[in-house]
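For reference, the chains in residue letters:
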Amino acid sequence: MNKALFSLYVRKAIENYIMLKKYFLLNLILISSIGFSQNIKGEVQFQTPFTDNRNETKAIKKISEHLKDNLIVGLGEGTHGTKEFNEIRSEISKQLIGKNDFKIVAFESSYGDAAYLNEAVNSDVDLKVALKKYMTSIWQTKEINTLLEWIRAYNKNHKDKVIISGFDTDTLMRTAEILKKPGNFGKDYSDITGEIQKRAMLQDEMWEKQNDPSFRLDMQKVIKNGTEGYLLTKKIDSLFGEKMDLSSKLALEHLKLGFKIPYEASKKNYDVSRDFIMAEMIKNIQSGYNKKMILFAHDGHVALKPILVDGMGGYLKEKYGKKYYALATSTVLGTYSATEDPRAVKNNRYTSYPLPKQLENSWEEKLASKKSENYFVDFRSSNEEIYGKAFKMRLLGYNSITPATEKFTITEPIKMNECFDGIIFIKHTNASEHLFTD
């Protein structure tokens, strides 16, 4: 081989090597790109807003596929005042109602109030007025009103109607009114239910007056009143319980649970928690109607383990096992609505606040670091190990954060997949749009 030909051969070999190297590098980049963009097992990505968007309807359907086979689905909220949390939970609820036979939507609000709201939904009254009259202020939002309007339309076209219910015991007066409705049980029934109503009214009054800075709570009076109320509910149960219809039975159970904490306090037993009480009421509602159920409540309440609060979800898991699904929601940027009142009642005023700064080495930081800004993850099927690691998390209630209260919004390090069955993360969110601002 002559020198010129050899030089040409070497040059071609080098060019081929360079081209081959580029080819392998390009393929490596493409393979890596495809691998990163593929859906991770158990994950659904989406964009906001959620309504009137064909692609987002597909995302909601995919999320609902992970929830549909459960008996009770707890739809949590990382704050009590986030518009997008209400919207996406409403869209999921519509899917579960319309396609998967869920027929109870229950709120973190009083059973009696919700029962009257249920009547309003199945009538032609102004639902905004009904929300103001019957529901705790955290639910008096445009987003929840839109969901209730949808349920009203659904019920008009279906025999098996959606039932609006509540499982909290913050107020008892309207529950006592339900208990008084049956008029065929005689004077003894009327007398006892009248006495129960008096105790319910006083307990409600003691709760609401705590928003007045000048009010001083008489705890001994509350305990005495609650104990009397509890014993009266036990008495009426023994005399008339077997004769009651389902509505009256559920009202009686709600009153019994509502008076239970002060009754137990009279015996120096302080271990009965609000979350235990709410879980018991949920069990009563679900078993009474024997229907699949959706819960709207705070992340801390739907959780499978105690995080800041006792976690009614843990009690529900004891009874329902894998048939209870706890779904959290979380965010990191934007605004949220909150009240300065210490107690959530029907007439709180709400203001929009910026979300607090992201905590270092927290779940918010980890969740926000994903390429997708908005997504759902089902921990039951996810193959990502990070959800089994422990990080702190921030949970906001209906109050704004102050330097004195901020520490009460931050959990101890928790393993996400032990506390919840899934999570919806929305990177940028906005304050709920409240119906009444004056």
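For the structure itself, consult the block above.
Along each chain, numbering runs from 1 in the same order as the chain's sequence is written. Local features in this predicted model are restricted to residues whose pLDDT is 70 or higher, and side-chain atom pairs enter the listing and the counts only when it is 80 or higher, whereas totals over whole chains, interfaces and linings include all residues. Note: side-chain values were computed over all heavy atoms of the structure, leaving out hydrogens and water.

Caption draft 1: How the structure looks around the overall build of the protein. Secondary structure elements are taken from DSSP: a helix is a run of H or I of four residues or more, a strand is a run of E of two residues or more, and numbering for both begins at the N terminus. Across its full length, the protein carries 15 helices and 13 strands. Relative accessible area decides the class of each residue, using a 1.4 Å probe on protein chains only: under 20% of the type maximum gives buried, over 50% gives exposed, and in between gives partly exposed. Across the 438 residues that make up the protein, the buried fraction comes to 52%. For the protein, the proportion of contacts with a sequence separation of at least 24, taken over those separated by at least 6, is 78%. Calculation of accessible area relied on Shrake-Rupley with a 1.4 Å probe; when residues are assessed, cover is drawn exclusively from the protein chains displayed. Surface exposure of the protein reaches about 21,400 Å², of which carbon and sulfur atoms provide 53%. Between two residues, a contact is recorded if the distance between any of their heavy atoms is within 4.5 Å.

Caption draft 2: Region of the structure containing the packing of helix H4 (residues 111-121) against helix H7 (residues 173-180). One way to put it is that H4 packs onto H7 with a least axis distance of 6 Å and a crossing angle of 65°. As the angle between them shows, H4 and H7 are arranged roughly perpendicular. Considering how the two elements wind past one another, H4 and H7 form a crossing that is left-handed. For the pair H4 and H7, the contacting residues are Tyr-111, Gly-112, Asp-113, Ala-115 and Tyr-116 in the first and Arg-174, Thr-175, Glu-177 and Ile-178 in the second. The classification used treats Ala, Val, Leu, Ile, Met, Phe, Trp, Tyr, Cys and Pro as nonpolar, Asp, Glu, Lys and Arg as charged, and all other residues, Gly among them, as polar. Taken together, the residues that form the contact of H4 with H7 break down as 4 nonpolar, 2 polar and 3 charged. Note on geometry: axes are C-alpha line fits, over the in-contact stretch for helices, and angles between N-to-C directions span 0 to 180 degrees. When an angle is under 35 degrees it counts as roughly parallel; over 145 it counts as roughly antiparallel; between 65 and 115 it counts as roughly perpendicular; any other value is oblique. It is the rotation of the near helix from the far one that decides the hand of a crossing: anticlockwise by less than a right angle makes it left-handed, clockwise makes it right-handed.

Caption draft 3: Summary view of the packing of aromatic side chains. By convention, a stacked pair of Phe, Tyr or Trp rings (six-membered ring in the case of Trp) has centres within 6.5 Å and planes under 30 degrees apart, an edge-to-face pair has planes over 60 apart, and any other such pair is tilted. The full count for this structure, using the stated rule, is 15 aromatic pairs. Both rings, one in Phe-185 and one in Tyr-189, keep their centres 4.9 Å apart while their planes meet at 80°; by these two values the pair is edge-to-face. Take Tyr-189: its relative accessible area is 2%, and that puts it in the buried class. Plain terms: the ring middles of Tyr-230 and Tyr-263 are 4.1 Å apart, the flat faces sit at 20° to each other, and that makes the pair stacked. Within this pair, whereas Tyr-230 is found in helix H9 (residues 219-240), its partner Tyr-263 is found in helix H10 (residues 246-266), the two being separated by 33 residues in sequence. For Tyr-230, a relative accessible area of 9% puts it in the buried group.

Caption draft 4: Expanded view of a positive patch on the surface. A patch consists of residues exposed above 30% relative accessible area that lack any salt bridge, with like charges linked at up to 9 Å and nonpolar side chains (Val, Leu, Ile, Met, Phe, Trp, Tyr) linked at up to 5 Å. Salt bridges are defined by distance alone: a side-chain nitrogen of Lys or Arg within 4 Å of a carboxyl oxygen of Asp or Glu. Counted as positive: Lys and Arg. Counted as negative: Asp and Glu, with His and the chain ends omitted from the count. By convention, charge coordinates are those of NZ in Lys, CZ in Arg, CG in Asp, or CD in Glu. A contiguous patch of positive charge on the surface is contributed by Lys-58, Lys-61, Lys-62 and Lys-99. When residues in the positive patch are grouped by element, the largest group, 3 residues, is from helix H2 (residues 54-65). Among the structural elements, Lys-99 can be located in helix H3 (residues 83-100).

Caption draft 5: Seen up close, the nonpolar core. Note on terminology: a nonpolar core comprises buried Ala, Val, Leu, Ile, Met, Phe, Trp, Tyr and Cys residues joined through side-chain atoms within 4.5 Å. In terms of nonpolar packing, the biggest core is built from 94 residues, with Ile-92, Leu-295 and Phe-420 touching the most fellow members. Not counting residues up to four positions away in its chain, the partners in contact with Leu-295 are Ile-72, Val-73, Gly-74, Leu-75, Ala-106, Phe-167, Ile-282, Met-312, Leu-316 and Tyr-324. Counting residues in each nonpolar core, the second largest holds 17 residues, with Leu-172, Ala-200, Leu-232 and Met-244 among its members.

Caption draft 6: Structural detail: unusual backbone geometry. The backbone phi angle of Asp-101 is positive, close to 70°, even though this residue is not glycine. Assignment of secondary structure puts Asp-101 in the loop between H3 and strand E3 (102-110).

Caption draft 7: Molecular detail of helix H5 (residues 127-134). Within H5, burial applies to Leu-127, Ala-130, Leu-131 and Tyr-134. Down the axis of H5, the smallest arc covering the buried residues is 100°, so these residues share one side. Each element contacted by the buried residues of H5 is listed here: H4, helix H6 (142-156) and H7. The residue sitting at the N-terminus of H5 and contributing the capping side-chain oxygen is Asp-126; that oxygen lies 2.9 Å from the backbone nitrogen of Lys-128. As used here, the arc is the angular range of directions from the helix axis to the C-beta atoms. For the purposes of these results, a polar contact is taken to be a pair of N or O atoms within 3.5 Å, where, inside protein, one atom must be able to donate a hydrogen and its partner to accept one; residues adjacent in sequence count only when each atom of the pair is a side-chain atom.

Caption draft 8: Examining the sheet that holds strand E8 (residues 351-354) more closely. The strand order across the open sheet formed by 3 strands is E8-E7-E13, and the pairing between neighbours is mixed. The sheet is open, and its two borders are formed by E8 and strand E13 (428-429), each paired with just one other strand. In this scheme, strands are said to pair when DSSP sees at least two bridges between them. In the sheet, strand E7 (residues 333-338) pairs with E8 via 4 bridges, with the strands oriented antiparallel. Looking at the pairing, Ser-337 lines up with Ser-352 of E8.

Caption draft 9: Broad picture of the pairing of strand E5 (residues 292-296). Counting buried positions along E5 gives 5 out of 5 residues, so the element sits mostly inside the fold. Burial along E5 is two-sided: Lys-292, Ile-294 and Phe-296 facing one way and Met-293 and Leu-295 facing the other are all buried. Pairing of strand E2 (residues 72-75) with E5 involves 4 bridges; the strand directions are parallel. Note that in E5 the partner of Val-73 across the bridge is Ile-294. Sheet topology note: the E3/E5 ladder contains 5 bridges and is parallel. Note on E5: the bridge partner recorded for Phe-102 is Lys-292.

Read these as geometric descriptors, not functional statements.
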